[in-house]
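A structural walkthrough
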Amino acid sequence: TGQFIRVKGQDVTAGQQVCDKGTKLEARHLGVLASMGIEQVEVYRRLKVAIASTGSELVNPGQALKAGQIYNSNRFLLAGLIDQLGMELVDMGIITDERPTTESALALAADQADIIITSGGVSEGEEDHVKGAVDTLGQLEVWKLAIKPGKPLAFGRVKQTPIFGLPGNPVSAMVTFYQIVQGSLKMRMGLKIDDSIPLLKVECVESIFKRPGRTEFQRGILFQSNKTWKVKTTGQQGSAILSSMSKANCFIVLSADRGAIKAGEIVDIQLMASFI
């Protein structure tokens, strides 16, 4: 008696909360809502994120390179990251290296988006105008972090619209997006996120050169050997070597007070899958 019977209230009882505020609705949540007969729920609208690449040397793929030019990889890198987060992209294109042009582009972005992300133009060169433009149009609140790569990251406001100025080197831009920007975007869209990205401890199978002073995010490959998880680097770690990101499935996180790593030492890692 009673076998093969699904009792009323066995799954969800009257008055039970099935989705917390701040939950990103995925297929599993939609199935539960549909099973309860709920046709519509109130959600946050998608965040509008403006991206812009700075640099007169930049051209888009498909064009022939002239002397001194490089392809604009950051545009497609950032656009892909924004798309993975399910946010609305406002593509401001390339900003050439003139102060008035930079100010005009940032002011327009502030009117069209909820948040602005630029790449390049935040170091101390003569043609780096983003930092100064933010100072003129609003307020610069942060400049330079004790991390590697990504030291010259800037944060401020343009006409009250938040702006992240990421470094121009592609790896630096990607690392700072993962470590700094992504959490802010999620919170602004109403998502409930953890205070920190989980760190796992695994054995590093090779030596890593490092000087104390800055937290480093080395690109790593997590793999299994003899039923034990281990990690190695992707090879060269220069901030312009974007292939180091495409090969990686984790970051090897080396704290600021840590020096060189010997093969066999235990290191902290962050799984890249946890960022998305």
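Residues numbered from 1 in each chain as written. Predicted model: local features only at pLDDT ≥ 70, side-chain atom pairs only at ≥ 80, totals over all residues. Heavy atoms only, no water.

1. A word on the pattern of salt bridges
Counted according to the given criterion, the structure contains nine salt bridges. Across the pair R45 and D114 runs a salt bridge whose closest N-O atoms are separated by 2.7 Å. You can see R45 sitting in the loop between α1 (27–35) and β1 (48–54) and its partner D114 sitting in the loop between α3 (99–112) and β5 (115–119), a full 69 residues away along the chain. The exposed category is assigned to R45, whose relative accessible area is 53%. Salt-bridge contacts for E103 lead to R99; the nearest nitrogen and oxygen are separated by 2.8 Å. (Salt bridge = Lys/Arg side-chain N within 4 Å of Asp/Glu carboxyl O. Helix = DSSP H or I, 4+ residues; strand = E, 2+ residues; numbered from the N terminus. Buried < 20%, exposed > 50% of the residue type's maximum accessible area, 1.4 Å probe, protein only.)

2. A look at the environment of P212
Mapped onto the fold, P212 is located in the loop between β10 (200–204) and β11 (215–225). Here P212 falls in the exposed class, since its relative accessible area comes to 57%. With 45 residues separating them in the primary sequence, P212 and D257 have C-alpha atoms 5.1 Å apart. Look past the residues within four positions of P212 in its chain and what remains in contact with it is A256, D257, R258 and G259. (Contact = heavy atoms within 4.5 Å.)

3. Side note on α3
Spanning 14 residues, α3 covers 20 Å between terminal C-alpha atoms, matching the ideal 20 Å at 1.5 Å per step. Looking at α3, one finds that the buried residues are T102, A105, L106, A107, A109 and A110. Against the buried residues of α3 lie β1, β4 (88–95), β5, α4 (130–137), β8 (154–158) and β9 (161–166). (Expected span 1.5 Å × (residues − 1).)

4. Remarks on the nonpolar core
In this structure, V49, I117, L166, F177 and L185 are the most contacted members of the largest nonpolar core, which totals 33 residues. Those elements that place two or more of their residues in this core are β1, α2 (73–84), β5, β9, α5 (170–188) and β13 (250–254). With eight residues, the top contributor of residues to this core is α5. Residue contacts for F177: discarding those within four places in its chain leaves L78, L81, I82, L85, I117, L166, Q182 and L185. (Core = buried A, V, L, I, M, F, W, Y, C linked by side-chain atoms within 4.5 Å.)

5. Examining the packing of aromatic side chains
What the rule picks out here adds up to three aromatic pairs. With centroids separated by 6.2 Å and ring planes inclined at 75°, the aromatic side chains of F217 and F251 adopt a geometry described as edge-to-face. With F217 in strand β11 and F251 in strand β13, the pair connects residues that are 34 residues apart, well separated along the chain. Both residues of the pair, F217 and F251, count as buried. (Phe/Tyr/Trp six-rings, centres within 6.5 Å; stacked < 30°, edge-to-face > 60°.)

6. Quick notes on a nonpolar patch on the surface
A contiguous nonpolar patch, built from V18, L25, L30, V32, M36, I38, V41 and V43 and spanning about 590 Å² of accessible area, is present on the exposed surface. Mapped onto the secondary structure, V32 falls in helix α1. (Patch = residues over 30% accessible without salt bridge, like charges linked within 9 Å, V, L, I, M, F, W, Y side chains within 5 Å. Areas by Shrake-Rupley, 256 points an atom, 1.4 Å probe, with all protein chains shown as cover.)

7. A short note on the sheet that holds β8
Spatially, β4-β1-β5-β9-β8-β6 is the arrangement adopted by the six strands of the open sheet, whose pairing is mixed. The open sheet terminates on both sides in strands that have one partner only, identified here as β4 and β6 (138–143). The sheet shows a mean angle of 20° between the axes of neighbouring strands, direction not considered. Of the strands in this sheet, β1, β4, β5, β8 and β9 touch α3, which is tilted by about 175° from β4. (Pairing = 2+ DSSP bridges. Axes fitted to C-alpha atoms, helices over the stretch in contact; angles between N-to-C directions.)

8. Describing the side chain of R219
Within the secondary structure, R219 sits in strand β11. Put simply, R219 is tucked away with no salt bridge, and the nearest opposite charge, on E216, sits 7.1 Å away. A distance of 2.6 Å separates the side chain of R219 from the backbone oxygen of Q237, its partner in a polar contact. In this structure, R219 is in contact with P149, V171, K232, T233, T234, Q237, G238, S244, M245, A248, C250 and F251, ignoring residues within four places of it in sequence. (Lys, Arg positive; Asp, Glu negative; His and termini not counted. Polar contact = N/O pair within 3.5 Å; in protein donor to acceptor, adjacent residues only side chain to side chain.)

9. A look at the packing of α2 against α5
At a minimum axis separation of 11 Å, α2 and α5 run at an interaxial angle of 25°. Taken as axis vectors, α2 and α5 run roughly parallel relative to one another. The chirality of how α2 crosses α5 is right-handed. Only P170, A173, M174, F177, Y178 and L185 of α5 make contact with α2, whose side of the interface consists of S73, N74, L77, L78, L81 and I82. Partitioned by chemical class, the residues of the contact of α2 with α5 number 10 nonpolar, two polar and no charged. (Parallel < 35°, antiparallel > 145°, perpendicular 65-115°, else oblique. Left-handed = near helix turned anticlockwise from the far one by under 90°. Nonpolar A, V, L, I, M, F, W, Y, C, P; charged D, E, K, R; others polar.)

10. Section: the packing of α3 against α4
With their axes 9 Å apart at the nearest point, α3 and α4 run at an angle of 60° to one another. What the angle tells us is that α3 and α4 run oblique. Crossing angle aside, the handedness with which α3 passes α4 is right-handed. When α3 is examined against α4, the residues R99, T102, E103, L106 and A107 are found in contact with a partner set consisting of V130, G132, A133, V134, T136 and L137. Across the contact of α3 with α4, the residue classes tally to six nonpolar, three polar and two charged.

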